[in-house]
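Residues per chain are reported as follows:
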There are 2 protein chains.
Amino acid sequence: MKKFMNGAETILAESLDGFVAAHGDIVAMGDERKFVRRATPAPGKVALISGGGSGHEPLHAGFVGHGMLDAACPGQVFTSPTPDQMIAAAEAVDGGAGVLFIVKNYEGDVMNFEMAAEMAGREIMTVVTDDDVAVETSTYSIGRRGVAGTMVVEKVVGAAAEEGLSLADLKALGDRVNAATRSMGVALTSCTVPAAGSPTFAIGDDEMEMGVGIHGEPGRRRVKLEPAAAIAEEMITAIASELGDAGDALLLVNGFGGTPLMELYLMYHEARAKLEARGYRVARSLVGNFVTSLEMAGCSLTVTRLDDEIARLWDAPAHTAALRLGM
Amino acid sequence: MKKFMNGAETILAESLDGFVAAHGDIVAMGDERKFVRRATPAPGKVALISGGGSGHEPLHAGFVGHGMLDAACPGQVFTSPTPDQMIAAAEAVDGGAGVLFIVKNYEGDVMNFEMAAEMAGREIMTVVTDDDVAVETSTYSIGRRGVAGTMVVEKVVGAAAEEGLSLADLKALGDRVNAATRSMGVALTSCTVPAAGSPTFAIGDDEMEMGVGIHGEPGRRRVKLEPAAAIAEEMITAIASELGDAGDALLLVNGFGGTPLMELYLMYHEARAKLEARGYRVARSLVGNFVTSLEMAGCSLTVTRLDDEIARLWDAPAHTAALRLGM
């Protein structure tokens, strides 16, 4: 294992300290590093809180700021945060209009956010994201996994929260965006969890894991590496088989951490062509490393069906460490 | 070699097509893909043109847009663009106030930009960046290499061009920012050039290349991997030995493409502490993958000494695919 670190037991704390120091105009650290919150509180609106295991940076702390999240709770690498973190975060950022949790569908996360919602003693609703079409259940999830589509939910719901929507309306919007969003991933290499010290899975020099999860969970099948056009075709086919054909779409090409931008843009080129061949109009685009799996080489494609409301909220200003739009 | 591509001979064209399609509000493609230019021309100002070998994305095309470059000329992977590319770009974006070339100090780049300046038949001046303190000459360079500090020059000079500074003043400013900027890199793994198909260099499972170049050129020494704190100390010591101690600084922690954001923020945490111990105040920060070496795992640290003018121009609005500030 080769990583820039001083020890597996301090990597998260030191990285979080660096993150907050680098973006002091946007974020502040919560007590005992239980959460990262906006540097400037936004009173009067519903507070959005997300979180999950670390190792997926910039998700979620990178999306704390105006127009997206109010706080994010980082667990240890690939490990759910504990309920006391979400309770402390809710205490810190709830301005009286209630709290919406945005949670990726993994057993540990769902359980701990649920426990926090019960124990926090305030009005909390939850959106659970499950956009990954690759497999129906997986190593850490009952039902589909929540992957890169989560950031689309955070962006769209975050913009609506900024406009003053009620908690119930935001919950309904989040569920609607999640239902309009589908993703699938592919890995060329494994990732290595610092505390484990060795790769999460073995993969041949000429193989790829089609449908991989963001913790290196198995996908649909292990096959020989194919040309980018064939990979994109399989992924878009799987996504479109659920979303249907035609219509306006947001296309997000997300790197898992170890894939060069040059290849991500090439995959965007292929995925866009496949969508257009099905009658889609790619009206919004995003390409980069947003929901990663440590240093895994690979990427995911996410498609969100756009209507006027979702498109408008996607375009709304956002000022976070990892995404900045219109301000 | 495992890459998302259809063939080494088409990877650049397909990736560029994806880039321009994804960012059609910011950039447009030049004829025969010789350059990428702003979607909306900016008349009346000096035109800034950069370029170089591909494989360092988002440098340079990712920095085309308001507040930074007017055009970027992409060569093949790790290969200089040819003079006809820069001549065509200058023809396209020169609004009559002259053209400034920003060129990283590699023999091929310097020669080809020089030839273009001579042949273009218009007023052109050139800033050559050479911020890498690691080695005095290298595989592809006479004198020091131009590395991640180049983006600082592009940002600061780009802002000044937007304000209407003259060509001569921009050239002087660019030289001044380059002189105030020092960088050093370290690699944990090699990168693989698509056309070569195998890693550029071999490195042991427990080794790092201290002072590596952005094409995988040798650095100062090959040593056993050390803790992040020791790595940061060596790099900041080398940088500060040239910039002196104390003063306001911009700290850029740049990933080479294969290193997770978690580790980059940890390196930021360490580098910032080392700078502060020397009396620096880290007044501006940037962390991410900006000047990469394909999928190389590693990072570079860049420090720019700030005065009021450089800080103000750094803060000025920019709207490019890879960097967005204040708009």
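Residues numbered from 1 in each chain as written. Chains lettered and ligands numbered in written order. Predicted model: local features only at pLDDT ≥ 70, side-chain atom pairs only at ≥ 80, totals over all residues. Heavy atoms only, no water.

**Q** Whenever I open this one, the overall build of chain A confuses me. Can you help?
**A** When helices and strands are tallied, chain A shows eight helices and 15 strands. For chain A, the C-alpha radius of gyration of 18 Å lies close to 20 Å, the compact-globule estimate for 327 residues. Seen along its three principal axes, the alpha-carbon backbone of chain A occupies a region of about 50 × 50 × 35 Å. Scored against the burial criterion, the 327 residues of chain A give a buried share of 64%. In chain A, once contacts between residues fewer than 6 apart in sequence are set aside, the share between residues at least 24 apart is 73%. In the structure as shown, chain A presents an accessible area of about 10400 Å², 51% of it carried by carbon and sulfur atoms. Averaging the locations of the 27 positively and 44 negatively charged side chains of chain A gives two centres separated by 4 Å. (Helix = DSSP H or I, 4+ residues; strand = E, 2+ residues; numbered from the N terminus. Rg over C-alpha atoms; globule rule 2.2 N^0.38 Å. Buried < 20%, exposed > 50% of the residue type's maximum accessible area, 1.4 Å probe, protein only. Contact = heavy atoms within 4.5 Å. Areas by Shrake-Rupley, 256 points an atom, 1.4 Å probe, with all protein chains shown as cover. Lys, Arg positive; Asp, Glu negative; His and termini not counted. Charge placed at Lys NZ, Arg CZ, Asp CG, Glu CD.)

**Q** What should I look at first to understand the side chain of Lys45 of chain B in this one?
**A** Residues and elements named next belong to chain B. Topologically, Lys45 is positioned in the loop between strand S2 (36-38) and strand S3 (47-54). A polar side-chain atom of Lys45 sits 2.6 Å from a polar atom in the side chain of Asp70. If sequence neighbours within four positions are ignored, Lys45 has contacts with Arg38, Asp70, Ala97, Ala161 and Glu162. (Polar contact = N/O pair within 3.5 Å; in protein donor to acceptor, adjacent residues only side chain to side chain.)

**Q** Just checking my understanding: could you explain helix H7 (residues 261-277) of chain B for this structure?
**A** Since one α-helical turn is 3.6 residues long, residues separated by three or four positions face the same way. Between the first and last C-alpha of H7 of chain B there are 24 Å, a value that for 17 residues agrees with the 24 Å anticipated at 1.5 Å per step. Backbone geometry just downstream of H7 of chain B places Gly279 of chain B in the positive-phi region, at approximately 95 degrees. (Expected span 1.5 Å × (residues − 1).)

**Q** Got a minute to help me understand a nonpolar patch on the surface in this structure?
**A** A surface patch of nonpolar side chains, amounting to about 300 Å² of accessible area, comprises Met111, Met115 and Met119 of chain A. Position of Met111 of chain A among the secondary structure elements: in helix H3 (residues 107-119). (Patch = residues over 30% accessible without salt bridge, like charges linked within 9 Å, V, L, I, M, F, W, Y side chains within 5 Å. Salt bridge = Lys/Arg side-chain N within 4 Å of Asp/Glu carboxyl O.)

**Q** So what exactly am I meant to see when it comes to the interface of chain B and chain A here?
**A** Facing 58 residues of chain B, the contacting portion of chain A comprises 58 residues. Contact with chain A buries surface across chain B, with Lys2, Phe4 and Met262 of chain B losing the most and accounting together for 23% of the total. Linking chain B with chain A are two salt bridges, by the criterion used here. Salt-bridge contacts for Glu263 of chain A lead to Lys3 of chain B; the nearest nitrogen and oxygen are separated by 3.9 Å. Inspection of the region where chain B meets chain A yields 22 residue pairs in polar contact (both at pLDDT 80 or more). Looking at which element gives the most residues to the side of chain B that touches chain A, the answer is H7 of chain B, with 10 residues. (Buried area = accessible area lost by both parts, 1.4 Å probe.)

**Q** In this structure, what is going on with the packing of helix H7 (residues 261-277) of chain A against helix H1 (residues 11-22) of chain B? I would like to understand it.
**A** Helix packing geometry: the angle between the two helix axes and the distance between the axes. Two numbers describe how H7 of chain A lies on H1 of chain B: the axes approach to 7 Å, and their chain directions differ by 70 degrees. Taken together, H7 of chain A and H1 of chain B sit at an angle that is classed as roughly perpendicular. Contacts between H7 of chain A and H1 of chain B involve Met262, Tyr265, Leu266, Tyr268, His269, Glu270 and Arg272 of chain A from the first element and Ile11, Leu12, Glu14, Ser15, Asp17, Gly18, Phe19, Ala21 and Ala22 of chain B from the second. Residue composition of the contact of H7 of chain A with H1 of chain B, grouped by class: nine nonpolar, three polar and four charged. (Axes fitted to C-alpha atoms, helices over the stretch in contact; angles between N-to-C directions. Parallel < 35°, antiparallel > 145°, perpendicular 65-115°, else oblique. Nonpolar A, V, L, I, M, F, W, Y, C, P; charged D, E, K, R; others polar.)

**Q** Explain the environment of Ala277 of chain A here, please?
**A** Tracing the chain through its elements places Ala277 of chain A in helix H7. For the pair Ala277 of chain A and Asp245 of chain A, spaced 32 residues apart in the sequence, the C-alpha separation amounts to 9.3 Å.

**Q** Honestly, the relation of the copies chain B and chain A in this entry has me stumped. Any pointers?
**A** Both copies of the chain are related by a screw-like operation: a rotation about an axis and a shift along it. Placing chain B over chain A gives an RMSD of 0.0 Å and needs a rotation angle of 180 degrees, together with 0.0 Å of translation along the axis. Both copies of the chain, as the preceding transformation shows, are related through a two-fold rotation axis. A share of 100% of interface residues in chain B that are also interface residues in chain A marks the association as one of identical surfaces. (Least-squares fit on C-alpha atoms with pLDDT ≥ 70 in both.)

**Q** Just checking my understanding: could you explain the nonpolar core for this structure?
**A** Soluble globular proteins: nonpolar side chains tend toward being buried together. One finds Met267 of chain A together with Leu48 and Leu100 of chain B to be the most contacted residues of the largest nonpolar core, which totals 102 residues. For Leu100 of chain B, the residues in contact, after removing those within four places along its chain, are Val46, Ala47, Leu48, Ile49, Met125, Thr126, Val127, Val157, Leu167, Leu170 and Lys171 of chain B. Among the nonpolar cores identified, the runner-up in size contains 100 residues, and Leu286 and Leu306 of chain A together with Leu251 and Val303 of chain B belong to it. (Core = buried A, V, L, I, M, F, W, Y, C linked by side-chain atoms within 4.5 Å.)

**Q** Mind showing me how you'd approach the domain arrangement of chain A here?
**A** Frequently, the measure chosen for interface size is the accessible area that the parts lose on association. Residues and elements named next belong to chain A. Domain boundaries in chain A define domain 1 (11-180) and domain 2 (182-316). Taken together, the contact between domain 1 and domain 2 spans 38 residues of the former and 41 residues of the latter. Of the roughly 3200 Å² buried between domain 1 and domain 2 on both sides combined, carbon and sulfur atoms contribute 63%. Interface area lost by domain 1 to domain 2 is led by Phe78, Val133 and Ala180, which between them contribute 18%. The residue Asp307 makes a salt bridge to Arg176 at a minimum N-O spacing of 2.5 Å. Counting the contacts that link domain 1 with domain 2 gives 22 residue pairs in polar contact (both at pLDDT 80 or more). Secondary-structure elements contributing two or more residues to the side of domain 1 that touches domain 2 are helix H4 (149-162) and helix H5 (167-179). Here the side of domain 1 that touches domain 2 gets seven residues from one element, more than from any other, and that element is H4. Grouping the constituent residues of the side of domain 1 that touches domain 2 by class yields 22 nonpolar, seven polar and nine charged. (Domains from an automatic or database assignment.)

**Q** Please clarify how unusual backbone geometry should be interpreted in this entry.
**A** Excluding glycine, a negative phi dihedral is what most residues carry, and trans is how most peptide bonds are arranged. Looking along the chain, the bond that leaves Leu59 of chain A and enters His60 of chain A is cis, with omega of -5 degrees. Looking at where His60 of chain A falls in the secondary structure, it is placed in the loop between strand S3 (47-54) and strand S4 (65-66). Between Glu57 of chain B and the following residue, Pro58 of chain B, the backbone shows a cis peptide bond with an omega angle of 10 degrees. Of note, the phi angle at Arg33 of chain A is positive, near 55 degrees, even though the residue is not glycine. Positionally, Arg33 of chain A belongs in the loop between strand S1 (27-29) and strand S2 (36-38).

**Q** Even after reading the chapter, I still don't get the packing of aromatic side chains, so can you show me in this structure?
**A** Each aromatic ring pair is specified by the distance between its two centres and by the angle formed by the two planes. Taken as a whole and assessed by the stated rule, the structure comprises four aromatic pairs over all chains. Relative to Tyr265 of chain B, the ring of Phe19 of chain A has its centre 5.1 Å away and its plane inclined at 80 degrees; by these criteria the two rings are edge-to-face. Taken together, the positions of Phe19 of chain A in helix H1 (residues 11-22) and Tyr265 of chain B in helix H7 put the pair across two chains. On the basis of relative accessibility, which here comes to 6%, the residue Phe19 of chain A falls in the buried class. Overall, Tyr265 of chain B belongs to the buried group, its relative accessible area being 6%. (Phe/Tyr/Trp six-rings, centres within 6.5 Å; stacked < 30°, edge-to-face > 60°.)

**Q** Would you explain the pairing of strand S5 (residues 71-77) of chain B in this entry?
**A** Where a strand is regular, its side chains alternate between the two sheet faces. All names here are of chain B. With six of its seven residues buried, S5 lies for the most part within the structure. When S2 meets S5, the two strands line up antiparallel, connected through two bridges. Residue pairing for S5: Arg37 is matched across the bridge by Ala71. Relative to S5, S3 runs parallel, the two being bridged by six bridges. (Pairing = 2+ DSSP bridges.)

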